[in-house]
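# Fold and geometry: a report
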Amino acid sequence: MPTTYIETFERSPDRMHCPFCRSTDTRVLDSRVADDGGAIRRRRTCPACEKRFTTVEQMQLMVLKRSGSTEPFNRDKAIAGVRKACKGRPVSEHDLERLGQVVENTLRAEGWAEVPSHQVGTAILEPLSTLDPVAYLRFASIYKSFDSAEDFEAEIAQLRLAEAETNQHVPAG
């Protein structure tokens, strides 16, 4: 049975250790794109022990926090805040997982090496507004620091405007 390892590379990917004998003299036999371009799957062999194994290389998306520190993007952490906003709403776990994937794809598509933390919140807002407008308002009220009823009214007006524009572009069926 093949052995698979998930590796995150910050330095040279050519220095892969064999998981069996720890030799650094491994050789790539085959490379393939995986996860819709989000990873590279490599089949490797070790000349020292003659065993074969598979590695999966993924680009690590980093989040630059306000404090100046960085941490790896965690889709579950992003979804956790949205989950609170969706409490009591008709939003399934599958919907939340899909939203998390959309957010991650959006951030990766922007080409950030380090995503500022506020961009994560911004990337959540649009797909959440189409998923559930009430959950969107709950999330936006915290994210945008609403101070008054007027802040809610302005956001609701923007939601209605966006919905009207979307309905204009949908052909009647």
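Residues numbered from 1 in each chain as written. Predicted model: local features only at pLDDT ≥ 70, side-chain atom pairs only at ≥ 80, totals over all residues. Heavy atoms only, no water.

### Description of the packing of aromatic side chains
On inspection of all chains with the given rule, the structure shows two aromatic pairs. Consider the rings of Phe139 and Tyr143, whose centres lie 6.1 Å apart with planes at 15°: the pair is stacked. Pair noted here: Phe139 and Tyr143 are both in helix H4 (residues 133-143), with a separation of four residues, about one helical turn. Since its relative accessible area comes to 29%, Tyr143 is described here as partly exposed. Seen from their ring centres, Phe146 and Phe152 are 4.9 Å apart, and the 85° between their planes marks the pair as edge-to-face. (Phe/Tyr/Trp six-rings, centres within 6.5 Å; stacked < 30°, edge-to-face > 60°. Helix = DSSP H or I, 4+ residues; strand = E, 2+ residues; numbered from the N terminus. Buried < 20%, exposed > 50% of the residue type's maximum accessible area, 1.4 Å probe, protein only.)

### Structural notes on the packing of helix H2 (residues 93-109) against helix H3 (residues 117-131)
Viewed as axis vectors pointing N to C, H2 and H3 meet at an angle of 135°, and their least axial separation amounts to 9 Å. What the angle tells us is that H2 and H3 run oblique. Crossing of H2 against H3: the hand is right-handed. Across the interface between the two elements, Asp95, Leu99, Val102, Val103, Thr106 and Leu107 from H2 touch Gln119, Val120, Ala123, Ile124, Pro127, Leu128 and Leu131 from H3. (Axes fitted to C-alpha atoms, helices over the stretch in contact; angles between N-to-C directions. Parallel < 35°, antiparallel > 145°, perpendicular 65-115°, else oblique. Left-handed = near helix turned anticlockwise from the far one by under 90°. Contact = heavy atoms within 4.5 Å.)

### Examining the side chain of Glu155
Relative to the assigned elements, Glu155 resides in helix H5 (residues 149-169). By relative accessible area, Glu155 is classed as buried at 6%.

### Overview of H2
Between its terminal C-alpha atoms H2 stretches 24 Å, which fits the 24 Å expected from 17 residues at 1.5 Å a residue. By the burial criterion, the buried members of H2 are Asp95, Leu96, Leu99, Gly100, Val103, Glu104 and Leu107. In this structure, the buried residues of H2 make contact with helix H1 (75-85), strand S7 (114-116) and H3. Phi turns positive one or two residues past the end of H2, at Gly111, with a value near 80°. (Expected span 1.5 Å × (residues − 1).)

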